[in-house]
Amino acid sequence: MTGSLRDHLLASLALLYRRWATARARDGVGAVLRAARATMRRKRYCLLATVADGVAHARVLEPLPPDDDFTVWLGTSGASRKVEQLRRNPAATLAYEDDARAACAVLVGRAEIVEDAAERRRRFKPFWRAFWPEGPEGGDFVLVRFRPERIEVWDARRHVTPAPFGKRSAMVARGPDGAWRAA
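Thresholds applied
Residues numbered from 1 in each chain as written. Predicted model: local features only at pLDDT ≥ 70, side-chain atom pairs only at ≥ 80, totals over all residues. Heavy atoms only, no water. Helix = DSSP H or I, 4+ residues; strand = E, 2+ residues; numbered from the N terminus. Contact = heavy atoms within 4.5 Å. Areas by Shrake-Rupley, 256 points an atom, 1.4 Å probe, with all protein chains shown as cover. Phe/Tyr/Trp six-rings, centres within 6.5 Å; stacked < 30°, edge-to-face > 60°. Buried < 20%, exposed > 50% of the residue type's maximum accessible area, 1.4 Å probe, protein only.

Draft legend 1. Spotlight on the overall build of the protein. Looking only at helices and strands, the protein features four helices and eight strands. Listing every helix and strand of the protein by position from the N terminus yields α-α-β-β-β-α-β-β-α-β-β-β. Overall, the protein is about 65 × 40 × 35 Å in size when its C-alpha atoms are taken along their principal axes. Contacts spanning at least 24 positions in sequence make up 62% of the contacts within the protein whose residues lie at least 6 apart. When the accessible surface of the protein is totalled, it reaches about 10,200 Å², and 55% of it is carbon and sulfur.

Draft legend 2. Structural view of the packing of aromatic side chains. The tally for this structure, following the rule as stated, stands at seven aromatic pairs. Pairing Phe124 with Phe141 gives two aromatic rings, centres 4.9 Å apart and planes at 80°, and the pair type is edge-to-face. With Phe124 in the loop between α4 (117–123) and β6 (141–155) and Phe141 in strand β6, this pair connects stretches of sequence that are 17 residues apart. The class of Phe124 is buried, set by a relative accessible area of 12%.

Set out below in structure tokens:
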């Protein structure tokens, strides 16, 4: 009997939470972009997914903070599989996940490899010398510039939790003019 009482109480609490959260839900473009930027800035690492031979390939990278337009820069080895895959197919996804705040931001877009020396110097993180001792001038260091076309967010703390509650993310997409719109 105790188990069923406990289950009943948990179910009742879950439904109360759902009503409370649904009443406070925000899914406007501004709320989605603020939540995405906050999650992206808070997390040190993200997951980069590429596609090759009909299969998704994912790996963890340390991105730079997003630019004002949500462009994300990442450093990597020019000889890596991800660079080879992105040269063949620039479609990519970045995922930022934050368990502590019940939030995630997923960016879907296109990536390009940037080998420009000035850009590499500008974006190089000092600690990356652990991987590239020659620094940004080294022959193995390249940048990936990721430009999102769509951003999906679920953020319980910021109430970016669109209906039906917990079953989908709030989504924005970049229009032809570059402005973000609800999707």
